[in-house]
Structures are given as structure tokens and as C-alpha cells.
Amino acid sequence: MNDTLLMCFLFAFLVVEFSVPALSLTIPIVLFSPTPLSCFSLPQQLRSTMVHSYGYKSGTRHLFAKKFRKHGVPSVSTILTNFKVGDYVDVVADSAVRAGMPHKYYHGRTGIVWNITPRGVGVIVNKPVRTRTLRKRICVRFEHVRKSRCQEALKAKTAAFQQYLADKKAGKPLAPGKKSTRNGGFVRPKNVEVLARRVADYEAMIPY
């Protein structure tokens, strides 16, 4: 690299010999060449180009940032949370805990717990790759997962239906079912546009 720099600086100057006949002398004069250094091919290390990183946490300045007044180490309730195999959890990376942090792809995704360790959990997360879905198994610390609320509505609906079946079997008066306030009906417009093709559309194309 040093040889390349030396060559560029040598080519950037122009040496002109100026001779004096009366004194029989030849004086070399160094003039600066107007040719810029950009015309010469510099190595990649010397070019001033913008850089772009592709690291493990690249592009996570806002993704891993915490909300207002939520900075610092996780609370005690996070540490005392119990997880069981089969639970639905949300993978949310906590930037205050560097150990056991998941990849940025899994941040905000929901998975199922398949393994429990003293300091972390194993989560199965579906990852679509082109035309297939991969069941990725990741191991993260418990600070980076929280119990999901994705099945609250389903569990409430199932409990209400089981209670309805029990009341119906016992002969108790059933609560009136929810009815929609929208009345059904048929819409019959006066002018109906025919979108299907008919034989009459092709009669003008027959050569006779």
C-alpha cells in the first residue's frame, strides 16, 4: 500500500528541466501537475466510500430501544415469571441484558415453549422461507420472553361455550344469544351489467 501511495505522489508532480546555456547548467524544476489523483487506480482501502455494516445487531437502533421511563434492568416480576412447556410466549429482546439475546429477526414474534433450562427457555418460532415454513428452535434467556396474550379471546370463548352446554344440559334458562343489528336482504339493482361472454359478441367476427 505504501508503494502505491508513493507512485501516486510521483505521478502528481511534473519534472521539467530548465537549461541555462550561458552557465552550462541544467536546473530541474518541479511543477505540480493539474492531473488529479483520481485518474489513477487506488486500492479499495484508500477509496473514501460510505460503509455499511451487516453485523448481528445492525439496524437495531430503534428496534431494541426502550420506551420512555422503561430503561434499566428488568423488574422483579420478570424474574419471577414461571414458564411451562407448551406456553405461548412473545420473544421481545431486552437491550439491557446482553446475554442470551435472540436475533433481531425473532424480535416481536410469538412461539411455543419446548424446553426449560435454569436461566432460559427454548422457543419454537415459525419462519417463512420462500415457499416453506421452518420451525426454528431458539434458546433465549427468560428476560427476553414474556407470556403471550394471543389465546385470551379463544379461551374466553371456549369457556363461555362450555358453560352454555352445561346450562343447556341442566335445563337452566339460557341467556339470549347475541344477534346482529344488521338486517339481511337482497339487493336487486334495476340495471344489471352482464360480464359473461355471449354468442352475439362473436357474430360480427364470423366471416360470412
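Residues numbered from 1 in each chain as written. Predicted model: local features only at pLDDT ≥ 70, side-chain atom pairs only at ≥ 80, totals over all residues. Heavy atoms only, no water.

Note the following rule: UniProt positions are given in the numbering used here, feature names are shortened, and annotations may be inferred rather than shown by experiment.
As annotated in an unreviewed UniProt entry, the chain carries the name Large subunit ribosomal protein L21e and comes from Strigomonas culicis. Its UniProt record, at the heading Sequence similarities (unreviewed entry), says of the chain: "Belongs to the eukaryotic ribosomal protein eL21 family."

## Quick notes on the sheet that holds strand β7 (residues 145–147)
Spelled out, the test is: When DSSP finds at least two bridges between two strands, those strands are taken to pair. Secondary structure elements are taken from DSSP: a helix is a run of H or I of four residues or more, a strand is a run of E of two residues or more, and numbering for both begins at the N terminus. Only C-alpha atoms enter the line fits that serve as axes; for helices the fit covers just the stretch in contact. Angles between N-to-C directions range over 0 to 180 degrees.
Here we have five strands laid out as an open sheet, ordered β6-β5-β4-β3-β7, and antiparallel in their pairing. At either margin of the open sheet sits one strand with a lone partner, and together these are β6 (132–141) and β7. Averaged over all pairs of adjacent strands, the angle between strand axes in this sheet comes to 45°, irrespective of strand direction. Here strand β5 (residues 120–129) runs beside β6; their pairing, made up of 10 bridges, is antiparallel. Of the residues in β6, the one forming a bridge with Val121 is Val140.

## A few points about the side chain of Asp94
What counts, and what does not: Contact between two residues is taken to exist if any of their heavy atoms lie within 4.5 Å; hydrogens are not considered.
Relative to the elements of secondary structure, Asp94 occurs in the loop between β3 (88–91) and β4 (109–116). Leaving out residues up to four positions away in the same chain, Asp94 has contacts with Lys66, Pro74, Met101, Glu143 and His144.

## A few points about the pattern of salt bridges
For clarity, the threshold we go by: By definition, a salt bridge exists where a carboxyl oxygen of Asp or Glu is found within 4 Å of a side-chain nitrogen of Lys or Arg.
Here the structure, examined in full by the defined rule, presents three salt bridges. A salt bridge links Asp94 to Lys66, with the nearest nitrogen and oxygen atoms 2.8 Å apart. Here Asp94 is found in the loop between β3 and β4, whereas its partner Lys66 is found in the loop between β2 (25–32) and α2 (76–79), with 28 residues between them in sequence. Among the salt bridges present, the one from Arg149 reaches Glu152, with a minimum N-O distance of 3.1 Å.

## Here's the deal with the side chain of Ser148
What counts, and what does not: Accessible area is worked out with a 1.4 Å probe on protein chains only. A residue is then buried under 20% of its type maximum, exposed over 50%, and partly exposed in between. N or O atoms within 3.5 Å of each other form a polar contact, as long as, within protein, one can give a hydrogen and the other can take it, and as long as residues adjacent in sequence are counted only when both atoms are side-chain atoms.
Within the secondary structure, Ser148 is located in the loop between β7 and α3 (152–170). Residue Ser148 is classed as buried on the basis of its relative accessible area, which comes to 18%. Only 3.1 Å separates the side chain of Ser148 from the side chain of Asp90, close enough to count as a polar contact. In contact with Ser148, not counting residues within four places along its chain, are Tyr88, Val89, Asp90 and Thr110.

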